[in-house]
Amino acid sequence: MPRLPHLINAPFTLLSHGRRLTRTGGWMALLGLAMAGPALADHGRSMPAQVPKAYVQECAACHIAYPPGLLPSRSWRNIMNGLDKHYGVDASLDAATVKQLNAWLQANAGTSKRMAEAPAQDRITRSAWFLRKHDDIAPAVWKLPSVKSAANCAACHSRADQGDFDEDRLKHPAGLEPRWRRAWND
Ligand code: HEC
Ligand code: HEC
């Protein structure tokens, strides 16, 4: 099985989503929607105010629910068309759910200039802006057992599961040595 260590964070993601779903109550659930964190004015990076329930249930089972604004619409289309071969795992869904989620992802995809090109492998973590934002991080940090993959946003962003990547909400992943902390401090 490829890359399974990455999935270690999944139960925590699911738990926090579960708590939020119960708190926000019944009528949103009836509409098939779940509340996300507040949509901050942060260039479309955060979660849209309304998130299909299926997105939280299906697309946050193995990793955080990535905000749609972090990839251009072409990348989301590629991802939704290839769920049976999803980065080495099978993430297939029924056709109706694929259609629903694809429509929502397209409608909320990133549109800024930096989204003009689909990144390699349709990965957020291969986008030019992502690499630029993280270029102060030492290569050894990405390999820490508490991180394992750049796609594991929650290792360093304490509210990643809510689509909040603000620098004020960074956390130190376990094992982060003082000499590697520069990117966290400025
Ligand atoms: C069965 C587990 C599983 C499910 C379900 C799943 N994914 Fe993934 N996803 C993965 C794995 C594994 C990776 C690769 C992670 C890595 O490289 O560390 C990944 C990577 C991604 C990436 C790229 C992350 C990066 O590197 O920038 C995106 C975007 C993504 N998934 C979106 C989705 C969407 C949308 C859904 C729901 C339709 C979904 N995933 C459902 C396992 C899953
Ligand atoms: C190993 C830790 C780590 C991981 C994993 C990580 N980040 Fe970051 N991220 C940082 C640090 C540290 C900064 C601040 C960098 C700086 O200011 O030099 C940052 C900055 C950012 C910023 C800019 C924040 C701002 O206010 O300008 C965004 C957006 C972001 N990360 C998104 C992501 C996303 C999305 C993922 C997962 C796909 C991710 N990061 C994974 C450590 C990480």
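Residues numbered from 1 in each chain as written. Chains lettered and ligands numbered in written order. Predicted model: local features only at pLDDT ≥ 70, side-chain atom pairs only at ≥ 80, totals over all residues.

### What to know about the site of ligand 2
What surrounds ligand 2 is a group of 26 residues, the closest being Cys-153, Cys-156, Phe-165, Glu-167 and Ala-183. For the shell around ligand 2, the secondary-structure elements that each account for two or more residues are helix H7 (139-142) and helix H8 (182-185). Across the shell around ligand 2, the residue classes tally to 16 nonpolar, four polar and six charged. When residues of the shell around ligand 2 are sorted by domain, at least three fall in each of domain 2 (44-124) and domain 3 (134-186). (Near = placed C-beta within 6 Å. Helix = DSSP H or I, 4+ residues; strand = E, 2+ residues; numbered from the N terminus. Nonpolar A, V, L, I, M, F, W, Y, C, P; charged D, E, K, R; others polar. Domains from an automatic or database assignment.)

### Some details on the site of ligand 1
Cys-59, Cys-62, Ile-124, Ser-149 and Ala-151 are the nearest of the 21 residues found near ligand 1. Here the residues of the shell around ligand 1 are counted per class, giving 12 nonpolar, six polar and three charged.

### Side note on the confidence of the model for the protein chain
The predicted model of the protein chain averages 84 in pLDDT, with 76% of residues at 70 or higher. Here residues 1-31 scores under 50 on pLDDT; set against residues more than four positions off or in separate chains, the count is 32 contacts. Between residues 35-41, whose pLDDT stays under 50, and residues either more than four places distant or in other chains, the model counts 20 contacts. (pLDDT = per-residue confidence, 0-100. Contact = placed C-beta atoms within 7 Å.)

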